[in-house]
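Geometric and topological summary
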Amino acid sequence: MKIASIIARSLLGLVFVVFGSNMFLHFIPTPPPPAGPARDFLTALFVSHYLYVVGALQVVGGLLLFTGKWTPLGLMLVGPVIVNILCFHALMEPSGLPMAIVVSALAVFLLWNYRKNFAGILAVAPAQLDSGSR
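What counts and what doesn't
Every chain's residues receive numbers from 1 upward, in the order its sequence appears when written. pLDDT decides what is reported in this predicted model: residues at 70 or higher carry local features, side-chain atom pairs at 80 or more are listed and counted, and totals for whole chains, interfaces and linings draw on all residues regardless. As a rule here, side-chain values cover all heavy atoms of the structure and leave hydrogens and water aside. For our purposes a nonpolar core is just a set of buried Ala, Val, Leu, Ile, Met, Phe, Trp, Tyr and Cys residues, chained together by side-chain atoms within 4.5 Å. When accessible area is computed with a 1.4 Å probe and restricted to protein chains, residues below 20% of their type maximum are described as buried, those above 50% as exposed, and intermediate ones as partly exposed. Helix and strand definitions follow DSSP, with helices as H or I runs of at least four residues and strands as E runs of at least two, each counted in order from the N terminus. Working rule for contacts: check all heavy atoms of both residues, and any pair within 4.5 Å makes them a contact. We place a 1 Å grid over just the protein atoms. Points where a 1.4 Å probe fits but has no way out form a cavity, open points with protein on both sides within 12 Å along at least 5 of 7 lines form a pocket, and any residue with an atom within 4 Å of a point lines it. Grid points are joined across faces, edges and corners, and a volume is the space filled by probe spheres set on the points. Any residue outside Ala, Val, Leu, Ile, Met, Phe, Trp, Tyr, Cys, Pro, Asp, Glu, Lys and Arg is labelled polar, Gly included; the first ten of those are nonpolar and the last four are charged.

**Brief notes about the nonpolar core**
- One finds Leu12, Phe16, Leu75, Ile82 and Leu110 to be the most contacted residues of the largest nonpolar core, which totals 15 residues.
- Of all the elements in the fold, those that place two or more residues in this core are α1 (2-25), α3 (50-67), α4 (71-91) and α5 (97-113).
- With residues up to four places along the chain from it excluded, the contact list for leucine 12 reads Leu65, Leu75, Val103, Leu106, Ala107 and Leu110.

**Description of the layout of surface pockets**
- Looking at the largest pocket, its volume works out to about 1400 Å³.
- Residue assignment for the lining of the largest pocket shows that the elements contributing at least two residues are α1, α2 (37-47), α3, α4 and α5.
- If you tally residues by element for the lining of the largest pocket, the top one is α3, at seven residues.
- Looking at the lining of the largest pocket, its residues break down into 27 nonpolar, ten polar and two charged.
- Estimates place the volume of the second largest pocket at around 180 Å³.
- Lining the second largest pocket are 13 residues, with Gly79, Ile82, Val83, Ala107 and Leu111 positioned closest to its centre.
- Those elements that provide at least two residues to the lining of the second largest pocket are α4 and α5.
- For the lining of the second largest pocket, the element with the most residues is α4, which contributes eight residues.

In structure tokens:
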């Protein structure tokens, strides 16, 4: 299981470093999105420069995953990006959905392997349990 985790972590990190870097360096040509909501959404992200924030999160999170030093932090940084990628392709541009599903599956696998690191986030405080039972 450790080898599978290293492979998944490295692949996911590499994907985010490469595609996050592409937002700054433009070394992978990207065709224009088809007309409709996908084009409007991406145009808004580009015009507002929000894509640079997303790209920076991808690069930093990807490097953390790839190096393995702070994998849980890397998962926390790329997690919202993965959710947005999955929703974008599921709702607006289905051609990229297979890759989005693969990236999501890698992230879920890593989240499961590092679930002990997220126990504090998922824990229910005893005070919440007491107030809910009244």
